[in-house]
Amino acid sequence: MAFWKSQSSKPAKSDQNASAEPTKGATAEANGLAAAATHTPLPISELRRAVDSAALGFKTTSELEPARGLIGQDRALKAIQFGANMASHDFNIFVLGPAASGKTTAVHQHLERKLKDLPTPPDWVYVNNFETPNRPRALKLPPGRARGLVKGMIGAIDELRNTLPAMFEGEDYQARRRAIDEEFRSGQEQAFESLNTKANSQNITILRTPTGFAMAPMHEGKIVKPEVFNTLPEAMRKQIEQRIEALQKELAEIIERMPKSDKQRRSKLSELNEEIASIAVHEAVDDLASAFSDQPDVLTYLDAVGRDLIRNVGLFLAPSGEENEIVKQPADTARDARFRRYMVNPMVSHNGDEPPIAPLVEELNPTYGNLIGRVEHIAQMGALVTDFLLIKPGALHKANGGYLMIDARKLLMSPFAWEALKRSIKAQEIRIEQPSEMAGLMATQSLDPEPIPFETKVVLLGDRELYYLLAAADPDFSRFFKVQADFDDSINRSTENDQAYARLIASIVMEHKLKPLDAPAVARVIEEGARLASDREKLSIEIGRIADLVREADYWAAQAGRSTTTRADVAQAIDEQIQRSDRLRDRSQETIERQIVLVDTTGAKVGQINGLAVLQLGDFSFGRPSRITARVRMGSGRVTDIEREANLGGALHTKGVMILWGFLAGRYALDVPLALAATLVFEQSYGGVDGDSASSTELYALLSALSEVPIKQSFAVTGSVNQWGEVQAIGGVNEKIEGFFDVCKARGLNGEQGVLIPRANVQHLMLREDVVEAVKAGKFAIHAVDTIDQGIEILTGIKAGTREDDGQFEDGSINRRVEEKLRSFAERGRAFARRSESGDGDSAAGSENGKTSS
Amino acid sequence: MIMHVAEAGEQRGRVVLHITSGHPSDVAMEAAIRIAQAFHSEIESLFVEDLQLYDMASYPFAREISYTGARSRVLSRDAIERDLRLAAQALRRRVEALALAANVPLRGARIVRDDPLQALAKACAEDGPWNVVALADVLAPGQGARLCELFASVSGYTGLMLVGPKARRTRGPVIAVIESPDHLQPMLRAAERMAGVTSGEVMLMLLSDSPSNGNWLDEQVRLALGDHAKVRLLHYQIDHGAPAALAEVIRRLQAGFLIGHFGGILVPAHGDLRDLVAALECPLFLMR
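Please read these numbers as outputs of a predicted model, since none were measured by experiment.

1. Overview of the overall build of chain B
Stage number 1. Tallying secondary structure elements over chain B gives ten helices and twelve strands in all.
Stage number 2. Across the 288 residues in chain B, those meeting the buried criterion constitute 47%.
Stage number 3. Long-range contacts, defined here as pairs at least 24 residues apart, represent 82% of the contacts in chain B between residues at least 6 apart.

Below, the structure written as structure tokens:
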């Protein structure tokens, strides 16, 4: 499709030299020109393909059976079916199609129907790994049994919270513990007391200091004052010192024995604790083990739980820090931090009460974490900590064993997500990693959970550009997304498809709970569908836009107090949609009406023609006429595209201009040099110009300039041209015609005005009703042309002319005059060259410069 | 203080936390705080630097064996002084923290260098008689005589709290041992106040030395209690066993506090507390 990308409304001084060549006003005959035959404009029937509402066969959509799914998308649906049935992990599906084409809904519905054929995927849970806590274990369970394990573990711990304290406070345990305590304590105490007695009997006392024990001589229960002691005979003092020294050694030995003795005591207590705890633990866990006796992995886990519970029985005996102070009841087991290690984290669980079914998940926000899952952290004392209960499942977990739908563009825009998805598909497992870990930036404690096998069919949805971009840029893409489901944006127009379209509208009405549409309203929607397809032989299946139109029409029907949506409501919805978006179009029209942008719609001028461009603003596009001018002179065979020279022209536009040179040279200068210098310009164009849809227009301007035959300014022209002078199809034909029509209408339609379009575009005509009405009234005309010759005859009223037997074009024809002009340029060029060689070049050049033709 | 304050419905008084070593019992300190809470009284710590330690340190041959037995060092007065000062500072902070946490006013942290009993006697005499003495050091089995000496030589206090080596809790039922109807009301009030801060049930253990006395005491107590429904009555006849057996009964009841009367059957004025204290898992609160 060719279109003019942008257009500034900045006023500029018009180039008087280029555009204001006076029209002589002479008739063809007076100038020796041959009048062209009359060209018939397109009949009304070719301008718009209306729908006969009576032929639709219903009064309102309430009589219709709504369409199930999409219409006219057999190829895409077959591809989806193939991809969904293909069990291999790398046959994932990429659904291509325009936005709002309803492909997401269609894929959803299609896959939903297939879910019942899939086996129900297993449940998955993460549990603590008692040996390596930073590597939580993943346990696979039959569908619907994860919740049982979760509840079972809570129940077992709940039970232990009651039974263990009771057992440890029970008389049996207390008596045995006291016996152990007494056994060791009395040994220590006896040793200590006997030493104390021995010391006292020797008049020595043992005192406690802040950091130990010390001894001193004693008399009547009090320490002997040192000054008194010093009065004793030396022998006695020595004797006392020796006794104290001996007692100190004994004391040191007794104290040194204490740790060993205490170790033995603790060991015996541990044995006792384990013995008592194992009774309660086995009692609590055995029930759960029986319930999961068919699951070896669960049994292994429960064994580990039992061992850990016995080892850590103190957890159940210490007071809970989370006791509810008001009701004096302990917090829920599941919320008690002491017992987190025994809880079970369900990643994927099915409700046992409902019939199990494979999942179909659409991830609307496919960030890395939402896709792969994440390990969350909580702040504790300023540090981020985590455990296996903070592992959160991602869409891959939720969709495991079923289908996962993701918007490809959102996926690619989420950092790390695309790579993570590919990695999961390739490895066929879901491995939760922190993105910061992948980037080597990990700075806090994290987990490395065991990966979970991944068996999901991934369905990416995106537009075609994205598909081809991925296919070109990422070699992995084609390896993992082997199925391409290409949604068409339109279907062929036929009576059957009109009926199907009506049922599609009925399904929209039903889905959105709208008022029914009567048959004329449906006809109008179908016509708009063709208009959206830019082709009267096609119907757009951009369901989103059609649904928007139907819903808006419903709104206007409600505003008018109607219970049925009518054609007028649909028309109003269309008008309102346009009105909400056409501010720039109005501005553009205004600049033309106020002659800030110069566009003639009457008269005739040499080297000047009205081109047509399309401006696309979001969903709304409109046509806009623009003056194109051409000037020619003798030169070295070059057509200068001023847009390109000013870096305003795109590659396609440049190509179009170069084709003109090929046409001119091939048709008019086979045996002489093409001694032409021509300049082409889109007047008052301040933005970029691209596309080749104006190449025929530019050629008409050039032919006019060369032949010095004026072009009727009541026409606007669109169409590309090839080197043979054949006019070729372009895009946006309806908008272009309507754009020129609006300008003419604003100035007053005079019956002379019209638009030339390529004949290949006639099939695309789906013009507005007011344009059709104007044509019907003879106030406007659409001409379809196959060749440049046909076009120039319509534009000038002069015969284009064919070559006769003498090799010359018909006398008085456009082509004859063009050829003569080019030959004259060639001869003058030769003469100029000769004079240059003889030394008169400067004056000759001066005189030639003055003969520039327009 | 307790009986008198409780009887008079007064809200003032002082708990003197008597500390003589660097290793007071956690349970004893917590119990002291609970008593202060229960009676809305102040607490004052009295850290006594035992003069005997200085005398001992003056001996040139004095050595200290560390608590682990792994180290032995020559003692000096300076070393003892420094160690005691550091221990006193640490204990003062601990008492401050406990008092702050329990919202108990801290009257002060006194440090004196004296004989422990004399220091206590002086402290109680200075600001009596509404004092409760809380012994922070565990009453070792061989210190029964010391306790008797305390009762005999220290006045200016109304109650004494002490803990034995097995003391492990202050929460649980508060058991008041009633030996005479005369003591019922003040001990019941004291028990109820203690129960208010330890979240325990109040139990009255009627202690007698014969079945007839037991029956009489039961009648008198029931008469005095009237419809005081919250109180549970227990009976123990001393000829069922020695105080250690009574202590075992109390242990099984998981008592948080035991309140008794000094100079009766439970704690005779000149008797040996050794067996009772050695077996108790809760603080013993003796009233004069």
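2. Thoughts on the sheet that holds strand 22 (residues 620-634) of chain A
Residues and elements named next belong to chain A.
Stage number 1. The sheet built from seven strands is open, its strands ordered 23-24-22-21-26-29-30 with mixed pairing. Each end of this open sheet is capped by a strand with a single partner; those strands are strand 23 (638-641) and strand 30 (781-785). Across the sheet, the axes of successive neighbouring strands diverge by a mean angle of 30°, strand direction being ignored.
Stage number 2. Pairing of strand 29 (residues 754-758) with strand 30 involves five bridges; the strand directions are parallel. Of the residues in strand 30, the one forming a bridge with Ile-757 is Ala-784.

3. Observations regarding the interface of chain A and chain B
Stage number 1. Taken together, the contact pairs 22 residues of chain A with 26 residues of chain B.
Stage number 2. Those elements that place two or more of their residues in the side of chain A that touches chain B are helix 5 (171-201), strand 4 (204-209), strand 5 (212-219) and helix 7 (234-291) of chain A.
Stage number 3. Class assignment for the residues of the side of chain A that touches chain B results in eleven nonpolar, five polar and six charged.
Stage number 4. Here strand 5 of chain A pairs with strand 3 (residues 63-66) of chain B via three bridges, running antiparallel. From the neighbouring strand, Ala214(A) faces strand 3 of chain B, where its bridge partner is Glu64(B).

4. Comments concerning the packing of helix 23 (residues 651-668) of chain A against helix 24 (residues 695-707) of chain A
All names here are of chain A.
Stage number 1. Taken N-terminus to C-terminus, the directions of helix 23 and helix 24 make an angle of 45°; their axes are 9 Å apart at the nearest point. By the angle between their directions, the pair helix 23 and helix 24 is classed as oblique. You can see that helix 23 and helix 24 cross each other, and the crossing is right-handed. Residue-level contacts link Gly-656, Val-657, Ile-659, Leu-660 and Phe-663 of helix 23 to Ser-695, Glu-698, Leu-699 and Leu-702 of helix 24.
Stage number 2. Residues belonging to the contact of helix 23 with helix 24 are distributed by class as follows: six nonpolar, two polar and one charged.

5. Describing the pairing of strand 29 of chain A
Residues and elements named next belong to chain A.
Stage number 1. In terms of burial, strand 29 is a largely internal element, five of the five residues being buried.
Stage number 2. Residue alternation in strand 29 divides its side chains into two sets, Gly-754, Leu-756 and Pro-758 and Val-755 and Ile-757, and both sets are buried.
Stage number 3. Note that strand 26 (residues 715-717) and strand 29 share three bridges and pair parallel. When the bridges of strand 29 are listed, Ala-716 appears paired with Val-755.
Stage number 4. Where the polypeptide runs from strand 29 across helix 26 (residues 769-776) and back to strand 30, its parallel neighbour, the crossover connection is right-handed.

6. Some words on the pairing of strand 4 of chain A
All names here are of chain A.
Stage number 1. Relative to strand 5, strand 4 is paired through six bridges, and the arrangement is antiparallel. Bridge assignment links Arg-208 to a residue of strand 5, and that residue is Phe-213.
Stage number 2. With antiparallel pairing between neighbouring strands as the criterion, strand 4 and strand 5 make up a hairpin whose turn holds two residues.

7. So, the environment of Asn200(A)
Residue and element names in this part refer to chain A.
Stage number 1. Mapped onto the secondary structure, Asn-200 falls in helix 5.
Stage number 2. Asn-200 sits in the partly exposed class, given 14 other C-beta atoms within 10 Å.
Stage number 3. In sequence terms Asn-200 and Glu-220 are 20 residues apart; their C-alpha atoms lie 9.8 Å from each other.

What counts, and at which threshold
- Residues numbered from 1 in each chain as written.
- Chains lettered and ligands numbered in written order.
- Predicted model: local features only at pLDDT ≥ 70, side-chain atom pairs only at ≥ 80, totals over all residues.
- Helix = DSSP H or I, 4+ residues; strand = E, 2+ residues; numbered from the N terminus.
- Buried ≥ 20, exposed ≤ 12 C-beta atoms within 10 Å, placed from the backbone.
- Contact = placed C-beta atoms within 7 Å.
- Pairing = 2+ DSSP bridges.
- Axes fitted to C-alpha atoms, helices over the stretch in contact; angles between N-to-C directions.
- Nonpolar A, V, L, I, M, F, W, Y, C, P; charged D, E, K, R; others polar.
- Parallel < 35°, antiparallel > 145°, perpendicular 65-115°, else oblique.
- Left-handed = near helix turned anticlockwise from the far one by under 90°.
- Right-handed = clockwise from strand over helix to strand, strands pointing away.

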